[in-house]
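Read off the chains here:
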Amino acid sequence: MQAYGGGETVNKSARNAVPVQEAALRIGNFEEVAKGFTEELALAEASRCLNCKNAPCMQGCPVGVRIPSFIAALLEGGADKAAGILFADNNLPAVCGRVCPQENQCEKYCVRREKLGGSVAIGALERYVADNAADVRPAVAEKQAAKVAVVGSGPAGLSCAADLARAGIQVTVFEALHKAGGVLVYGIPEFRLPKSVVEKEIDGLRALGVNIECNTVVGKTVLMEELLEEYDAVFVGSGAGLPLFLGIEGETLCGVSSANELLTRVNLMKAYREDAVTPVQRGRNVVVVGAGNVAMDAARTARRLGAEVTLVYRRSRAEMPARAEEIDHAEEEGIKFELLTNPVKIHGDERGFVNGMTCVRMALGEPDASGRRRPVVVEGSEFFLPCDEVVVALGTTPNPLIKDSFPALETTPKGTIVADENGRTPTEGLYAGGDAMTGAATVILAMGAGKRSAGAILDELRRKGKIK
Amino acid sequence: MKKYEILSKRTLAERVNEYVVYAPAVARHARAGQFVILRTDEDGERVPFTVCDYSREEGTVSVLVQEVGYTTMKLAAMNAGDALADFVGPLGNPTDLSAYKRILLVGGGIGGAVIYPQAKQLAAEGKPADVVLGARNVSLAIYTEEFARFADNFYLITDDGSSGKKGFVTDMIEELVKKGEKYDCVFAVGPLPMMKAVCALTARYDIPTVVSMNSLMVDGTGMCGCCRLTVGGKVRYACAHGPEFDGHQVDFDEAIARSRMYREQEQAHICRLTGEVRR
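Every residue gets a number counted from 1 within its own chain, in the order that chain's sequence is written. Written order determines the labels here, with chains lettered from A and ligands numbered from 1. Note on the predicted model: pLDDT of at least 70 is required for a residue's local features to be given, and 80 or more for side-chain atom pairs to be given and counted; whole-chain, interface and lining totals, by contrast, use all residues. The side-chain figures draw on all heavy atoms in the structure; neither hydrogens nor water molecules are used.

Asks: What is the right way to read the overall build of chain A from this model?
Replies: Helical segments are the DSSP runs of H or I of at least four residues, strand segments are the runs of E of at least two, and each set is numbered from the N terminus. If you tally the helices and strands in chain A, you get 15 helices and 16 strands. Here the globule rule reads 2.2 Å times residues to the power 0.38, and the radius of gyration is calculated from C-alpha atoms. Taken against the 2.2 N^0.38 rule, which gives 23 Å for 468 residues, the C-alpha radius of gyration of chain A at 23 Å falls within 12% of a compact globule. Relative accessible area decides the class of each residue, using a 1.4 Å probe on protein chains only: under 20% of the type maximum gives buried, over 50% gives exposed, and in between gives partly exposed. Expressed as a percentage of its 468 residues, the buried residues of chain A come to 59%. In this description, contact between two residues means that some pair of their heavy atoms is separated by no more than 4.5 Å. For chain A, restricting intrachain contacts to residue pairs at least 6 apart in sequence, the fraction spanning at least 24 positions comes to 68%. Charge separation in chain A, taken as the distance between the mean sites of 53 positive and 60 negative side-chain charges, equals 3 Å. Neither His nor the chain ends is counted toward charge; the positive residues are Lys and Arg and the negative residues Asp and Glu. Taken as the charge location is NZ of Lys, CZ of Arg, CG of Asp or CD of Glu.

Asks: Please explain the sheet that holds strand E2 (residues 170-174) of chain A as it appears in this structure.
Replies: Note on sheets: strands pair through backbone hydrogen bonds, and any given pair is parallel or antiparallel. Residues and elements named next belong to chain A. A pair of strands is treated as paired once DSSP finds two or more bridges between them. Taken together, 5 strands build an open sheet; the order of strands is E3-E2-E1-E4-E16 and the sheet is parallel. Two strands in the sheet have a free side with no partner beyond their single neighbour: strand E3 (211-213) and strand E16 (430-432). Strand-to-strand twist in this sheet, taken as the mean axis angle between neighbours without regard to direction, amounts to 20°. Note on geometry: axes are lines fitted to C-alpha atoms, helical ones only across the stretch in contact, with angles between N-to-C directions running from 0 to 180 degrees.

Asks: Even after reading the chapter, I still don't get the interface of chain A and chain B, so can you show me in this structure?
Replies: A common way to express how large an interface is: the accessible area buried when the components associate. Taken together, the contact pairs 43 residues of chain A with 44 residues of chain B. A 1.4 Å probe defines the accessible area here, and the buried area is the portion of it lost by two parts on being joined, summed over both. Ranking the residues of chain A by area buried against chain B places Lys220, Thr252 and Val277 of chain A at the top, with a combined share of 22%. Put simply, a salt bridge is a Lys or Arg side-chain nitrogen that is within 4 Å of an Asp or Glu carboxyl oxygen. Summed over the shared surface of chain A and chain B, the number is 1 salt bridge. One salt bridge connects Glu226 of chain A with Arg28 of chain B, and the closest N-O pair in it is separated by 3.2 Å. Counting of polar contacts relies on pairs of N or O atoms within 3.5 Å, with two restrictions inside protein: one atom must be capable of donating a hydrogen and the other of accepting it, and residues adjacent in sequence are counted only when both atoms are side-chain atoms. For the pair chain A and chain B, the interface holds 17 residue pairs in polar contact (both at pLDDT 80 or more). Elements represented by at least two residues in the side of chain A that touches chain B include exactly strand E5 (242-243), strand E6 (256-258) and helix H10 (259-268) of chain A. Per-element tally for the side of chain A that touches chain B: the top contributor is H10 of chain A, with 4 residues.

Asks: Looking at this structure, how should I read the sheet that holds strand E1 (residues 6-13) of chain B?
Replies: Residue and element names in this part refer to chain B. Judged by pairing direction, the sheet is antiparallel, and its 6 strands sit side by side in the order E1-E2-E5-E4-E3-E6 without closing on themselves. Edge strands, defined here as strands with exactly one partner in the open sheet, are E1 and strand E6 (86-91). Ignoring which end each strand starts from, the neighbouring axes of this sheet average 30° apart. The sheet contact formed by E1 and strand E2 (residues 16-22) spans 6 bridges and is antiparallel. By the bridge assignment, Lys9 is partnered in E2 with Tyr19. Sheet strands touched by helix H3 (residues 112-124): strand E4 (47-55) and strand E5 (60-66). Its angle to E4, the strand with the most contacts, is close to 25°.

Asks: Help me understand helix H8 (residues 195-207) of chain A, please; the structure alone is not making it clear to me.
Replies: Residues spaced three or four apart along an α-helix face the same direction, because each turn holds 3.6 residues. All names here are of chain A. Expected helix span is computed as 1.5 Å times (number of residues minus one). Helix length check: H8, at 13 residues, gives a terminal C-alpha distance of 18 Å against a target of 18 Å (1.5 Å per residue), a fit within 8%. For H8, the complete set of buried residues consists of Lys195, Val197, Val198, Glu201, Ile202, Gly204 and Leu205. Residues of H8 that are buried make contact with helix H4 (93-99), helix H6 (155-166), helix H7 (183-186) and E3. A positive phi of about 105° marks Gly209, the residue just after H8.

What follows is the structure in structure tokens.
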């Protein structure tokens, strides 16, 4: 046996699995797939943590959660005690515990990963604490006169707003849609992230004094110049909202949509409910194009709406950008994968509705700029894939709405906002972070960016003598 | 006043109501040609409507609503004093006809609501436009008094000849052009088949034509792509790039097909609301 941390012997017990809803059952509902740890499982899993002195797990956390400390607190004093530590670093722990790609972050660096029964299930423990603790959000500092505007109520904006509010700043968040939460409410499906969980987190921010103005499109309803005039600083976390399409024939046929459209109709507008007013295409044979997390969300959503779903991706399984867990869940739910396959044309009937797709087979050639092997078309491999709905999930680019109305905003050729690692843009008082700055990434990276910008904004306000 | 309160409602034609909504934040930057998205209630769908008038002083924005589907029927049941759940805007780009000198505004049915603020603005700029307003019958013709006041020449044409001339807007446009009227721009707004017919006609006479596309939308800010259409062989978003486009470049057949995407589901909804299916 090896000695770690305090020198006690190491238990080699295997990682505890999170209970999930059976695939056969869950494809018939939109309830959460992963059910979360029971108290018994949570304590058993927490006791697997070696409480390493150097806490390698923390280097994988974009918001710097003191992981071994909160786990130790969970063992000592339950969820309430753990929450005191967790909530100080993470503004949306119930969200992160569910949607963070922990296998590439904290859990990647866990010393138990290779030989000691697998990494501690840090994400599942985070969720357990967030779901089961009484609200013990850190106290708000003394009120300051300074005012900051936050554009967008997604993970970047909410995280920035929360840190500023705790420091006593008056924060107003502007949201274009009628509901706060950004991608957490319009994008990520109910079965991965229940909207009641998001609402609870947002209520927590409101309790910190954050003012959220929905139905406000910055660049249209309120102009950036007005915000820079009225507020001491502005943080833009407007996300990467503009969907990419394939650019092939037939893409404007009825029944072809972006993953954003399908997910917005189903998640934000609740189109999966029988009594919903907002309609949604309910194809019998749906083809989803793409293999990222959004493609998995779209495929699994279409499956729950009653479709047979085929996912088409031009590279092989090894290159699929989605989390392994999402790919596995999709497969368990009966999603078929047509890998090394690329659509070349979408066909429609006389009414203009989709009735099939022509695809070609691909082979992997030399690595391209992204380091992934470039797919090349296999000559003469064309084939017809019958389908009555196509969902395109090829990624998104930043929405140009703010840039168009505020040309002083510097953007890259890709449309992302130019800013330094703390989100400072060349325009004084203007900060940006999250997908609007990086292009489409993850919830937690956006939260990390919002947090760093909040820190930089506080530094600037202090320097200018605007806060005590 | 309540947020998004309906301050007044007046019936302009059969099943066509004008709502003046209290929305100072929207009124502040609203301009002719832009649109808003509203929801009637917490369970409502997001539906776009063109801004047909606004007052920055009063903090109001007016929209014209024709009862055609679930949400518009729900709106028809709402009255002054009621409040909408959501009202966001101004979205899309404002109309820009500054490059043109002699403009013919063409409105079909409720499309009159979109050309009305334009007629008013052009009159204020000292270059009043000619206006052709088409309607199925005289009881469906809207803003006739206002057009008579703001237009240089106002022509009303009805399908059944119940007032003005009998025929379609295209008949009227052709008559004017043949008479020797020289327009350097036609701005046409109405049902898709009407805009298609107008564009086919003006293309023959080589008159630049601008149309306003009333595509289906969800978010209205460029996020979902539901409103996409093909213009000059390129895919464009009505919400972000429009709603106005060069009519001679728009693929109307595709737009017409896309406008019918949810027709069956829509009828099921109406059925639930009224116990009947309207066609």
